[in-house]
Amino acid sequence: MKIETKCIQSGYTPENGEPRVLPIYQSTTWKYGTTEQMGKLFDLEESGYFYTRLANPTNDAVAAKIADLEGGVAAMLTSSGQAACFYAIFNICNAGDHFVCSSSVYGGTFNLFGTTMKKLGIEVTFVDPDSDEATLNAAFRENTKAMFGETIANPALVVLDIEKWANIAHSHGVPLIIDNTFATPINCRPFEWGADIVVHSTTKYMDGHATSVGGCVVDSGNFDWEKSGKFPGLTTPDESYHGITYTEKFGKAAYITKLTAQVMRDLGSIPSPHNAFLLNLGLETLFLRMERHCSNAQAIAEYLSKNDKISWVKYCGLKDDKYYDLAQKYLPNGSCGVISFGVKGGREAAVKFMDGLRLAAIVTHVADARTSVLHPASHTHRQLNDEELVAAGVTPDLIRFSVGIENVDDIIADIQQALDQI
Ligand SMILES: *Cc1c(COP(=O)(O)O)cnc(C)c1O
């Protein structure tokens, strides 16, 4: 099936007389006739549902759809994108381990990796994503267990050279984990470029309507944990699961089975089945919405770059953008709907512009159907002074504009009238 068809059809196929639409199994537990039947489930001898923290049919169907969209063997939903990022690393890193991460990642991920995971004894080295191979190789240590980056970084809009990063990760015997939130599998499928694990904040385009916080981890099934020899958690018996060895028992699905049977069992950040149902509705139209987000954003980026009240525009669909060539390789059909730009006149003009907008709403969110806008200097980064802002890569004039799927003429008219007020 083509990807548009997968958005609609994957994950759930009703049998004769069953509901046409994926049902919401809003139940914590399942009933069994004998103690032996239940015992086999606990031993992973038989597959079946017994407790929603471990598996739920609604959540599983949506996870299977996302796995299919990404071209992976299996996936697991989480209660948020933050949980997905944490679980993806924690599944293969213990206290005393280390991983390498792009310095251009979502702020929440940066804090999680740099501060909170450090408290657990897991260290990270942040590297400039544009670094040459020698610099990237130099970040690796004896105890390095993974490499992590974002296809299109939020909010820096850096496009990652996934193939180069995958080759480097593999040369050190570790997997590449890619956060594919902004591109979505409609515009980029990182497994096709050598990535091994994909994570998502489904809160963004996948949900697409700003209704549900959620996340997902997808396993390509391609990484050879046994050959690497660096992952005893996957290749030696798990005493907390009756001595099962994940690679032996589950083969290509070793990583995702450990993630579900061990990490989710113990930490428990599951989405509610109702949220998974809403996410599924979003996924059904993902291909249509991404197309419109991208064509609208391209038109607005071009409009802004010709406007004399705008000092700069960042969007990888613009020919003079630093990441245009990488975007042509990895995102040939479009990137995402998020643009950043600067208004002439600095912080004061930026605030005036923001307050003048009528259609575009000021919200702490990106990547949903409605056009929204954020001024990091006044919002997410408001505790920093102008000098500190520049050091953090957020200039006082920077506006982050998340282009929605409204008619593009209306969005441009809104921007124009707000600029006229400066
Ligand atoms: C939003 C976001 C996250 C965090 O996801 P939540 O669903 O808000 O927890 C992680 N990565 C990227 C790229 C994001 O945009």
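Here the residue numbering is sequential within each chain, running from 1 through the sequence in written order. Confidence filtering applies because this is a predicted model: local features only for residues at pLDDT of at least 70, side-chain atom pairs given and counted only at 80 or more, and all residues used for totals across whole chains, interfaces and linings. Note that water and hydrogens are dropped before the side-chain values are worked out from all heavy atoms of the structure.

S.K.: So, helix α7 (residues 162-171): which residues are in play, and what are the values?
M.R.: Side chains of residues three or four places apart in an α-helix project in the same direction, reflecting 3.6 residues per turn. To sort residues, take the accessible area from a 1.4 Å probe on protein chains only and compare it with the maximum for the residue type: under 20% means buried, over 50% means exposed, and anything in between is partly exposed. The helix and strand labels rest on DSSP assignments: H or I over at least four residues marks a helix, E over at least two residues marks a strand, and numbering proceeds from the N terminus. Buried residues of α7: I162, W165, A166, I168 and A169, and no others. For α7, the angular spread of buried residues about the axis comes to 165°, placing them on one side. Projecting away from the buried face of α7 at angles above 90 degrees are the exposed residues N167 and S171. Tucked inside the fold, the buried residues of α7 contact β2 (98-102), β3 (123-127), α6 (133-138), β4 (144-150), β5 (176-179) and α15 (324-330). Count one or two residues on from α7 and you reach G173, which has phi positive near 70°. This arc corresponds to the set of directions leading from the helix axis out to the C-beta atoms. Whether two residues are in contact is decided by their heavy atoms: any pair within 4.5 Å suffices.

S.K.: Outline the pattern of salt bridges, supporting the account with residue identities and numerical values.
M.R.: Any Lys or Arg side-chain nitrogen found within 4 Å of a carboxyl oxygen on Asp or Glu counts as a salt bridge. Scanning the model with the defined rule gives 10 salt bridges in all. Across the pair D97 and K145 runs a salt bridge, and its minimum N-O distance is 3.1 Å. Of the two residues, D97 sits in the loop between α4 (81-90) and β2 while K145 sits in strand β4, which places them 48 residues apart along the sequence. Using a relative accessible area of 9% as the deciding quantity, one classes D97 as buried. R370 is paired through a salt bridge with D368; the nearest N and O atoms lie 3.1 Å apart. Under the relative-accessibility criterion, R370 is labelled partly exposed at 48%. Note on D368: relative accessible area 4%, which makes it buried. One network of salt bridges, in which partners are shared, links E36, K40 and E46.

S.K.: Any chance you could break down the pairing of β5 for me, citing the residues and the numbers?
M.R.: Neither face of β5 is open: one carries L176 and I178, the other I177 and D179, and all of them are buried. A crossover gets the label right-handed when its path from the first strand over the helix to the second runs clockwise, viewed with the strands pointing away from the viewer. In this fold, the crossover linking β4 to β5 by way of α7 has right-handed handedness.

S.K.: Go over the domain arrangement of the protein, please, and point to the residues and values.
M.R.: Domain boundaries shown here were taken from an automatic or database domain assignment. Domain annotation for the protein reports domain 1 (3-281) and domain 2 (287-420). Look at where the C-alpha atoms of domain 1 and domain 2 centre, and you get two points 30 Å apart. Contacts between domain 1 and domain 2 engage 32 residues on the former and 29 residues on the latter. Buried area: the accessible area, evaluated with a 1.4 Å probe, that two parts lose upon being put together, summed over both parts. Surface buried jointly by domain 1 and domain 2 totals about 2600 Å² across both partners, of which 63% is contributed by carbon and sulfur atoms. Summed over the shared surface of domain 1 and domain 2, the result is 2 salt bridges. E163 serves as the salt-bridge partner of K329, at 2.6 Å between the closest nitrogen and oxygen. For this analysis, a polar contact is any N or O atom pair within 3.5 Å, provided that within protein one partner can donate a hydrogen and the other can accept it, and provided that sequence-adjacent residues contribute only side-chain to side-chain pairs. Applying the counting criterion to the domain 1 and domain 2 interface returns 17 residue pairs in polar contact (both at pLDDT 80 or more).

S.K.: Can you lay out the site of the ligand for me, pointing to particular residues and giving the numbers?
M.R.: In the vicinity of the ligand, 15 residues are found, and the nearest of them are N154, D179, S201, T203 and K204. Backbone polar atom of G81 to an oxygen atom of the ligand: 2.9 Å apart, as the coordinates give it. Between S201 and the ligand, the recorded distance is 2.8 Å, taken from a side-chain N or O atom to an oxygen atom. Expressed as a share of its isolated accessible area of 380 Å², the protein-covered part of the ligand is 93%. Nearness of a residue to a molecule or strand requires only that one of the residue's heavy atoms be within 4 Å of it. Using a 1.4 Å probe, accessible areas were evaluated by the Shrake-Rupley method; residue-level cover was limited to the displayed protein chains.

S.K.: Quick one: what's the story with the packing of α4 against helix α5 (residues 107-119), residue by residue and with numbers?
M.R.: All axes are obtained by fitting lines to C-alpha atoms, using only the stretch in contact for helices, and the reported angles, taken between N-to-C directions, cover 0 to 180 degrees. Packing of α4 against α5 leaves a shortest axis separation of 10 Å and a crossing angle of 45°. Viewed along their axes, α4 and α5 adopt a mutual orientation that is oblique. Every pair of crossing elements has a handedness; the one defined by α4 and α5 is right-handed. Taken together, the residues of α5 that come into contact with α4 (itself represented by Q82, C85, F86, I89 and F90) are G108, T109, L112, F113 and M117. Roughly parallel here means an angle under 35 degrees, roughly antiparallel means over 145, roughly perpendicular means 65 to 115, and every remaining angle is called oblique. It is the rotation of the near helix from the far one that decides the hand of a crossing: anticlockwise by less than a right angle makes it left-handed, clockwise makes it right-handed.

S.K.: Explain the pairing of strand β9 (residues 338-343) residue by residue, including any values.
M.R.: Buried residues dominate β9, accounting for 6 of its 6 residues. Burial along β9 is two-sided: the face carrying V338, S340 and G342 and the face carrying I339, F341 and V343 are both buried. At least two bridges found by DSSP between two strands is the condition for calling them paired. Across 4 bridges, the pairing between strand β8 (residues 310-314) and β9 is antiparallel. Across the sheet, K314 pairs through a bridge with S340, a residue of β9. As paired elements, β9 and strand β12 (residues 398-402) share 5 bridges and run antiparallel to each other. For G342, the partnering residue across the bridge sits in β12 and is L398.

S.K.: Quick rundown of the side chain of D321? Include the residues and the values.
M.R.: Mapped onto the elements of the fold, D321 is located in the loop between β8 and α15. In this tally Asp and Glu are treated as negative and Lys and Arg as positive; neither His nor the chain ends contributes. Of the side chains bearing the opposite charge, K314 lies closest to the buried D321, which forms no salt bridge; the N-O distance is 7.1 Å. With near-sequence residues (within four places) excluded, D321 lies in contact with K314, Y315 and C316.

S.K.: I'd like a rundown of the sheet that holds β5, residues and numbers included.
M.R.: Reading across from one edge, β1-β7-β6-β5-β4-β2-β3 is the order of the 7 strands in this open sheet, with mixed pairing throughout. This sheet does not close on itself; its edge strands, each paired only once, are β1 (74-78) and β3. Taken over all neighbouring pairs, the strand axes of this sheet differ in orientation by 20° on average, direction set aside. Pairing of β2 with β3 involves 5 bridges; the strand directions are parallel. The residue bridging S102 from the neighbouring strand is V127, located in β3. Sheet strands in contact with helix α3 (residues 57-70) are β1, β6 (197-201) and β7 (215-219), and its direction is about 125° off that of β1.

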